[in-house]
Amino acid sequence: MELMMKIVFLLGLPMKVPSLPPVVKIGAIFTEDQRNSSSELAFKFAIDEINKDKTLLPHTVLAYDIQYVSMNDSFHANKKVCHQVQFGVHSIFGPSDPLLGTHIHSICDALDIPHLEIRLDSENDVREFSINLHPAQNLLSSAFEDVMIFLNWTRIAVVYEDDYGLMKLRELVRPSRNIQLDIHLRQANPESYWSVLMDIKKKEIHNIVVDTRASNMHHFLKGILQLQMNDYKYHYLFTSFDMETFDLEDFKYNFVNMTAFRIVDIEDLSVKEVLRNMVKFQSSKGTRTLNFSYIQAEAALMYDSVLVFAVGLQMLEQSHFLKFSNVSCDNAHPWDGGLSLINYINAVEWKGLSGPIEFKEGRRIRFKLDLLKLKQHALVKVGEWHPGSGVNITDHDAFFDPGVMNATLVVTTILETPYVMMHSGKNFTGNNRFYGFCIDILERVSQEVGFDYLLDLVPDRKYGAHDQQTGSWNGMVRQLIQHKADLAVGSMTINYARESVIDFTKPFMNLGISILFKVSRSEQAKLFSFMNPLATDIWLYVLSAYVLVSVVMFIVAKLSPPEWANINNSDVKKDRNMENQFSLSNSFWFTVGTLMQQGSDLNPKAASTRIVGGVWWFFTLIIISSYTANLAAFLTVERMITPIENAEDLAGQTEIPYGTLESGSTMTFFRDSMIETYKKMWRFMENRQPTVFMPTYEDGIRRVLEGNYAFLMESTMLDFVVQRDCNLTQIGGLLDSKGYGIATPKGSPWKDKISLVILELQEKGEMQMLYNKWWRNSGETCQRNEKKKGSKANSLGVDNIGGVFVVLLGGLCLAVFVCILEFWYSSTKYKKEFSRAPRQSVCSEMGSELCFALKCRGSRQRPALRRQCSKCLPDVTYVPTEFKNLSHRSQSRAN
Ligand code: CWD
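About the cut-offs
Residues numbered from 1 in each chain as written. Predicted model: local features only at pLDDT ≥ 70, side-chain atom pairs only at ≥ 80, totals over all residues. Heavy atoms only, no water. Near = heavy atom within 4 Å. Polar contact = N/O pair within 3.5 Å; in protein donor to acceptor, adjacent residues only side chain to side chain. Helix = DSSP H or I, 4+ residues; strand = E, 2+ residues; numbered from the N terminus. Pairing = 2+ DSSP bridges. Axes fitted to C-alpha atoms, helices over the stretch in contact; angles between N-to-C directions. Salt bridge = Lys/Arg side-chain N within 4 Å of Asp/Glu carboxyl O. Contact = heavy atoms within 4.5 Å. Disulfide = S-S within 2.5 Å. Buried < 20%, exposed > 50% of the residue type's maximum accessible area, 1.4 Å probe, protein only. Core = buried A, V, L, I, M, F, W, Y, C linked by side-chain atoms within 4.5 Å.

Engineer: Sorry if this is basic, but what is going on with the site of the ligand here?
Structural biologist: Around the ligand, 14 residues are found, and the nearest of them are S491, T493, R498, S665 and T666. Interatomic distance of 2.6 Å between a side-chain N/O atom of R498 and an oxygen atom of the ligand. Secondary-structure elements contributing two or more residues to the shell around the ligand are α20 (665-672) and β28 (710-714).

Engineer: Sorry if this is basic, but what is going on with the environment of C843 here?
Structural biologist: With respect to the element layout, C843 can be found in helix α28 (residues 842-855). C-alpha of C843 to C-alpha of I820: the two residues are 23 residues apart in sequence and 9.2 Å apart in space.

Engineer: When you look at the sheet that holds strand β14 (residues 369-374) in this model, what are you seeing that I'm missing?
Structural biologist: Pairing between sheet strands relies on hydrogen bonds along the backbone, with the strands arranged either parallel or antiparallel. Taken in spatial order, the eight strands line up as β7-β6-β8-β9-β10-β14-β15-β16 in an open sheet, and their pairing is mixed. In this open sheet, the two edge strands, each paired with only one partner strand, are β7 (182-187) and β16 (390-393). Shown here is a sheet whose adjacent strand axes are inclined to one another by a mean of 25°, direction ignored. Direction of pairing for β14 relative to strand β15 (residues 379-386): antiparallel, over a ladder of six bridges.

Engineer: Explain the pattern of salt bridges to me, please; I cannot follow it from the model alone.
Structural biologist: Pairing between side chains of opposite charge can happen when the charged atoms of each approach one another. What the rule picks out here adds up to 31 salt bridges. Among the salt bridges present, the one from E273 reaches R276, with a minimum N-O distance of 3.1 Å. Placement of both E273 and R276 in helix α9 (residues 269-285) is noted, with a separation of three residues, approximately one turn of the helix. Each of E244, R262, D265, E267, K368, D370, K381 and E384 takes part in salt bridges that share partners, so that together they form one network.

Engineer: Help me understand the sheet that holds strand β27 (residues 658-659) in this model?
Structural biologist: Read from one edge of the open sheet, four strands run β27-β28-β24-β29, paired in mixed fashion. Each having just a single partner strand, β27 and β29 (728-731) make up the two edges of the open sheet. Relative to β29, strand β24 (residues 513-518) is paired through four bridges, and the arrangement is antiparallel. Residue K518 lies in a different strand from β29, and its bridge partner there is L728. The strands that helix α23 (residues 715-724) touches are β24, β28 and β29; relative to β28, the one it contacts most, it runs at about 120°.

Engineer: Where do I start with the state of the cysteines in this structure?
Structural biologist: What is meant by a disulfide is a covalent connection between two cysteines, made through their sulfur atoms. Applying the stated criterion across every chain yields a total of one disulfide. Across the disulfide from C82 sits C329; the S-S distance is 2.1 Å. Taking the sign of the S-S torsion, -100° for the link of C82 and C329, the bridge is left-handed. With C82 in helix α3 (residues 74-87) and C329 in the loop between α10 (297-317) and α11 (338-346), this pair connects stretches of sequence that are 247 residues apart. The thiol of C108 is not disulfide-bonded; the next cysteine sulfur, from C329, is found 9.1 Å away. On the accessibility criterion, C108 (1% relative accessible area) is buried.

Engineer: What should I look at first to understand the nonpolar core in this one?
Structural biologist: General note: in soluble globular proteins, nonpolar side chains tend to be found buried as a group. Residues F43, M278 and F309 are the most contacted members of the largest nonpolar core, which totals 103 residues. It is α10 that contributes the most residues to this core, 15 residues altogether. Leaving out residues up to four positions away in the same chain, F43 has contacts with I26, A28, F30, Y64, I66, F93, M302 and V306. By size, the runner-up hydrophobic cluster in this structure holds 88 residues, among which are M476, M509, Y658 and Y709.

Engineer: Is there a simple way to think about the side chain of Q84 in this case?
Structural biologist: Along the chain, the position of Q84 falls in helix α3. Here Q84 falls in the buried class, since its relative accessible area comes to 0%.

This is how it looks when you write it as structure tokens:
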């Protein structure tokens, strides 16, 4: 039916001859407190407008009857409505009171009289004869929820005034919504606002949803002022659509956050036009409830409801005949024209003072809410909310732009050289007491972002650690969580646990944990420290090379013919008594002489022996020069005895206790680590008595200097102390990697602004300049440390000089090969000379030669060329077996 009406209307096809009575009567119910209110005015003005308009209902005049009822007096309200019904009204308007509205609706429903309402209906059920212009409660709840999601609210207080207020907000506070909210519900009235607000303040809840009567709003606002809950930390979300009508002058300059929706866009030109006419109308009636700049939502809805009724009538006029309403409460007989009228009103699509209007089953499904935020000059529109499309924020800075707030922030800090230090003496007061790297950064940041600050030391002198037993935090983290400070500045490490309860800016410094230890004593000079330049295995290899080369020299020399010289210096062919200078002892003497760079009288003559000599000389050259160079390094470098080299060494021993700063991120790093070595270290630290956790890092350094203690500390600080105290040193590298940041309470509007400045300072190099100022540009730097750092001498091992052994072996192989060639050449030549000599292979000849050399040990006479072995065996000429026969024959021939 409804659809059919719409289609007929749109096509402009009348179903039957249109006709409206010349006077259409309507009734309105207002509560006593609405007498002469803007709503009543808007009602009358709307009727006046419609009656004057010659296009809307040209042949019909609207006549109205207004009745006033007391709040909660449903009996008289019902009686008055019945009276209006008797009078023949075609519809009833109002009241806006939810409870009275329900009673009156039941009469309209029973008599089929259209009921045009402007109240927030907490019921979601369909009401057949009701057209409600107020946005439905479930849609409003979605709007508030979207804003809370946008604002990242996690903990809120809801202040409502009467039970109906709670019913109104029940969608909002219902669990299992899209957001996880910690909600504190508080019912309040003007007498209890103060105590309720005080309670909220004590609980440190900063996000508050306020649902109070418009008439009591000024009491509530007064309470906020009295309790000084009017700074930027607090955010109030009002459910009223009329925040623009309240005096917020006292709140504009304290940066308190106040947010609300409005349903009337007073900047809209058509709204302004209607308002102007309404004000003129009001003047003609002699009342002064409206001004040109705003109108209450209720009045706007009332105006729109009358217009919607008139448009519905107009639509009905084109297709229906509007019957007289001749019903009465007495016989409860419904009006048969009511259904058509309500259907036509339900089909109206209109743009009124309260924005676009469209209904579905009497409920308003189209409207627009403007999101307002209090800024310094006024409440300004910062976004919109539409059913179905959610919140669209057009001015993010209104919520997160701390730059415009010239606020004074409380900054908590902790003393730690060179980050934050303190001047002593009475001349320094307030912020001037503090100086250091972080104070310089804070000063730059405050200038750029535009805030003043008050620096104060954290009472418990701790950075902040989570107590796993009590679940509470201490130190600067606690100050931020409790909103006792707005910023925490110092060497405050960003870590997972902290980031889940507070916010951090981008890091301004990067670091890791390292080990601080006392510089070890110099190593005592040792009797055999001359051995240090070469590793032990190199010494052994040199010794082996010496033996090998000497033996090879001996063998090669024996086999190599040019090494054999005539004893008598006579003709070699005639005198076969030859000698060889490379006996075994001479060979060893030759190699040791060259190894010691002294030489010997022995000079190799054959190519093979010269090759052996050459590679050996090369070998000794490299070994001796490497040894000499490294010896120089060893003599200039002080050798340190370091019992630990890294964290694993620390973990693997129990003699040297080690610890961290108490309640700092270094301690929690070990406590929460999943790495086995660090877990082990934590178990050690936890159980060690007396405690290894130091209350300040100065105590840690003092204990390190006392000896037998390693302090696990942050590398930036470690650099600082090691540069200044030559007795301290860093052991090993970094165990982790992290950064220092400026901490803020969760959701703080300052975080992003400060992060931007930090990034800017880093990119411009100012951060590095500040670092140099506090770390490097001080005369206290320890020089010895610098010198020691790069000058550590190590024994030369196979990795360094192993190649020379390879060259030596290659040379020896070459020498043996050349020796074989020489021997083969000589042997061939001899056989040609003595053609009668029996044929013998080179190998067996070499074997014989070697055998001869070994048997004769010191002999320098050579059998292969058939020299006599007079010295070896004076009576026997040593001849290899193959030559024996020939030798005998030549001897018998000689005899
Ligand atoms: N902090 C720490 O835990 N160890 C250290 O060596 C130093 Cl110098 C400081 C504190 C840490 N920066 C924190 O924020 O907890």
